[in-house]
Amino acid sequence: MATTKFQNNVRTRLYKKNYQGFSQSDFLEAAKNIGCDDLDNPTHEQIKAGVQYLIDRHNQSLKISDSENLTEVLTESETIQETENSTAITNQQKEQLITVQAQSMGIELTETEITDISQTVSDSFTDFVSAVETINSLIKDYAQSKFDSIEQQIDASNNNLRDYIDKRTTSLQRKSVEGAVTTKEMLEQKSSSLKSFSKSLSATFKTQ
């Protein structure tokens, strides 16, 4: 089945919001649920509704609703090692939990970033809740650090542009002033020469 205008427009908007991986059936489901019958001639509001439907559907699938779901994530590959006062988790389990929690907060992390964050997580916690709270805090701190770095780069770029514009403006103003002064001097010289010529001409007529 060929792609439709509804699918192309909704996919483009989702991509700009960092949402990917939807199948053609997902777009058909979205169109059906929002009441878009003409997929090749959707309205602006139907496209917006389709985007929101798929975002909500995506986010809903990532939510962890209770401690049983957390246990499933942590025990997917290995058995949890529990002692009397703490719960031990492996690096793989930490990375899995970081991935799930980051996605639930709408934060996309690369494999390298997930590994970096996991290395700062303790190997044992008193319970699952404290593990999740710690990981959430680390993810937010990591995201904040990235945002701060990007903001600093933008500020530096803006300052460089501002300095460049100030220097060019100052240069143009200086050249304008220099040009005006040169023109004034030339006019004064011309005026002086004209006056001198006029005096010489008058003197010549007087002697005749």
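Heads up: the structure comes first, above all this text.
Rules used in this analysis
Position numbers for residues count from 1 along each chain, tracking the sequence in the order it is written. Confidence filtering applies because this is a predicted model: local features only for residues at pLDDT of at least 70, side-chain atom pairs given and counted only at 80 or more, and all residues used for totals across whole chains, interfaces and linings. The side-chain values count all of the structure's non-hydrogen atoms but skip hydrogen atoms and water molecules. Put simply, DSSP marks the helices as runs of H or I at least four residues long and the strands as runs of E at least two long, and each gets a number from the N terminus on. For the exposure calls, accessible area comes from a 1.4 Å probe over protein chains only, and a residue counts as buried if that area is under 20% of its type's maximum, exposed if over 50%, partly exposed in between. In this description, accessible areas are obtained by the Shrake-Rupley approach with a 1.4 Å probe, and a residue is regarded as covered only by the protein chains that are shown. Among buried residues, the Ala, Val, Leu, Ile, Met, Phe, Trp, Tyr and Cys ones that are joined through side-chain atoms within 4.5 Å form a nonpolar core. Contacts: residue pairs with any heavy atoms within 4.5 Å of one another. Only the stretch in contact is used when fitting a helix axis, every axis being a line fitted to C-alpha atoms; angles between N-to-C directions are given from 0 to 180 degrees. Here is the rule for handedness: rotate from the far helix to the near one, and if that takes an anticlockwise turn smaller than a right angle the crossing is left-handed, while a clockwise turn gives right-handed. By the convention adopted, Pro, Cys, Tyr, Trp, Phe, Met, Ile, Leu, Val and Ala count as nonpolar, Lys, Arg, Asp and Glu as charged, and the other residues, Gly among them, as polar. What goes into a patch is any residue over 30% in relative accessible area without a salt bridge, connected to like charges within 9 Å or, for nonpolar side chains (Val, Leu, Ile, Met, Phe, Trp, Tyr), within 5 Å. Between Lys or Arg on one side and Asp or Glu on the other, a salt bridge is scored when a side-chain nitrogen of the former is within 4 Å of a carboxyl oxygen of the latter. Counted as a polar contact is a pair of N or O atoms within 3.5 Å, where, for protein atoms, one must be capable of donating a hydrogen and the other of accepting one, and residues adjacent in sequence contribute only when both atoms are in side chains.

Caption draft 1: Highlighting the overall build of the protein. A tally of regular secondary structure across the protein gives seven helices and three strands. The order of helices and strands in the protein, counted from the N terminus, is α-α-α-α-β-β-α-α-β-α. Burial analysis of the protein (208 residues in total) assigns 23% to the buried set. In the form shown here, the protein has an accessible surface area of approximately 14,800 Å², with 49% of it arising from carbon and sulfur atoms.

Caption draft 2: Spatial organisation of the nonpolar core. In this structure, Phe 6, Val 10, Leu 14, Phe 22, Phe 27 and Leu 54 are the most contacted members of the largest nonpolar core, which totals 14 residues. Going through the elements one at a time, helix 1 (5–16), helix 2 (24–34) and helix 3 (44–62) are the ones with two or more residues in this core. Ranked by residues supplied to this core, first place goes to helix 3 with four residues. Setting aside chain neighbours within four positions, we find Phe 27 in contact with Phe 6, Gln 7, Val 10, Arg 11, Leu 14, Phe 22 and Leu 54.

Caption draft 3: Quick look at unusual backbone geometry. With phi around 65°, Asn 18 is a residue other than glycine that occupies positive phi space. Its place among the elements puts Asn 18 in the loop between helix 1 and helix 2.

Caption draft 4: Spatial organisation of the environment of Gln 46. When you line up the elements, Gln 46 lands in helix 3. Spatially, the C-alpha atom of Gln 46 lies 9.4 Å from that of Val 10, the residues being 36 residues apart in sequence.

Caption draft 5: Summary view of the packing of helix 5 (residues 91–104) against helix 6 (residues 111–118). Axis separation between helix 5 and helix 6 bottoms out at 9 Å; the angle between their running directions is 120°. Relative to helix 6, the crossing made by helix 5 is right-handed. Here Lys 94, Glu 95, Ile 98 and Thr 99 of helix 5 lie close against helix 6, whose contacting residues are Ile 114, Thr 115, Ile 117 and Ser 118. For the contact of helix 5 with helix 6, the residue count by class is three nonpolar, three polar and two charged.

Caption draft 6: Summary view of a nonpolar patch on the surface. Side chains of Phe 147, Ile 150 and Ile 154 sit close together on the surface and give an oily, nonpolar patch of about 300 Å² of accessible area. Note on placement: Phe 147 falls in helix 7 (residues 128–207).

Caption draft 7: Here's a closer look at the side chain of Thr 4. Examined against the element boundaries, Thr 4 turns out to sit in the segment before helix 1. Separated by 3.2 Å, the side chain of Thr 4 and the backbone nitrogen of Gln 7 make a polar contact. When neighbours within four sequence positions are excluded, Thr 4 is seen to be in contact with Leu 39 and Asp 40.

Caption draft 8: Main features of the pattern of salt bridges. Overall, the coordinates contain two salt bridges when judged by the stated rule. Between Arg 57 and Asp 26 there is a salt bridge; the shortest N-O distance is 3.2 Å. Here the residue Arg 57 occupies a position in helix 3, and Asp 26 occupies one in helix 2, the gap between them amounting to 31 residues. A relative accessible area of 33% means that Arg 57 is categorised as partly exposed. Linking Arg 57 and Glu 29 is a salt bridge whose minimum nitrogen-to-oxygen distance equals 3.3 Å. Here Arg 57 is found in helix 3, whereas its partner Glu 29 is found in helix 2, with 28 residues between them in sequence. Note on Glu 29: relative accessible area 28%, which makes it partly exposed. Within the structure, one salt-bridge network assembled from shared partners comprises Asp 26, Glu 29 and Arg 57.

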